[in-house]
Amino acid sequence: MPVTGPDFIAVQVRDLDTAADFYETRLGLRRAPVSPPHAIVFATSPIAFAVREPLPGVDLDAVTPQPGAGIALWLHADDAQALHDDLAAAGVPIVAAPVDGPFGRTFTLRDPDGYAITIHDQA
């Protein structure tokens, strides 16, 4: 039987509370009503997104050049430019400035653990 596609995405983080606060406060995600131990799941759609404590043996400080290298993680926002402006004003590192492209207005930020997160506003 073939795989039908992604169903759940989680990133491993150094500090669960700090990461959850960033995704809630800065990006506006809301926690799902239930999360497994050692993780916080957000009520995102169509695919659930979570932050979780590192798996045994994973040292995020040893990952070079940063966690998530080689992975493209994109999140949708209603207004990417407004979100960019708020994040930049709050001092969140912006990796790539906003541009218009096939996915609407798009920019890339760096979260507290160093993951590059691309935001776009066209579904």
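The model shown is predicted, which means the values in this text are computed figures rather than measured ones. (Residues numbered from 1 in each chain as written. Predicted model: local features only at pLDDT ≥ 70, side-chain atom pairs only at ≥ 80, totals over all residues. Heavy atoms only, no water.)

Undergrad: Any details on the sheet that holds strand β5 (residues 94-101)? Residues and values, ideally.
TA: Ordered in space as β4-β7-β6-β5, the four strands form an open sheet in which the pairing is mixed. Unpaired on one side and paired on the other, β4 (73-76) and β5 mark the two borders of the sheet. Direction aside, neighbouring strands of the sheet carry axes that sit 20° apart on average. The pairing of β4 with strand β7 (residues 116-120) spans four bridges and is parallel. Across the sheet, His76 pairs through a bridge with His120, a residue of β7. Set on the sheet, helix α2 (residues 80-89) makes contact with β5, β6 (104-110) and β7; between it and β6 the angle comes to about 25°. (Pairing = 2+ DSSP bridges. Helix = DSSP H or I, 4+ residues; strand = E, 2+ residues; numbered from the N terminus. Axes fitted to C-alpha atoms, helices over the stretch in contact; angles between N-to-C directions. Contact = heavy atoms within 4.5 Å.)

Undergrad: Break down the sheet that holds strand β1 (residues 8-12) for me, with residues and values.
TA: Strand order in this open sheet of three strands is β1-β3-β2, and the pairing throughout is mixed. The outermost strands of the open sheet, each flanked by one partner alone, are β1 and β2 (39-42). Averaged over all neighbouring strand pairs, the angle between strand axes comes to 20°, with direction disregarded. Here β1 pairs with strand β3 (residues 48-52) via five bridges, running parallel. Paired with Ala10 across the two strands is Ala50, which belongs to β3.

Undergrad: With reference to specific residues and values, describe helix α1 (residues 16-26).
TA: Where α1 is concerned, the buried positions are Leu16, Ala19, Ala20, Phe22 and Tyr23. Down the axis of α1, the buried side of the element spans an arc of 155°, and every buried residue falls inside it. Exposed side of α1, more than 90 degrees from the buried face: Asp17 and Thr25 are the residues found there. Structurally, α1 contributes buried residues whose contacts are with β2, β3, β4, β6 and β7. At the N-terminal boundary of α1, the capping side chain belongs to Asp15, with an oxygen 3.1 Å from the backbone nitrogen of Asp17. One or two steps after α1, the chain reaches Gly28, where phi turns positive at roughly 80°. (Buried < 20%, exposed > 50% of the residue type's maximum accessible area, 1.4 Å probe, protein only. Arc of directions from axis to C-beta. Polar contact = N/O pair within 3.5 Å; in protein donor to acceptor, adjacent residues only side chain to side chain.)

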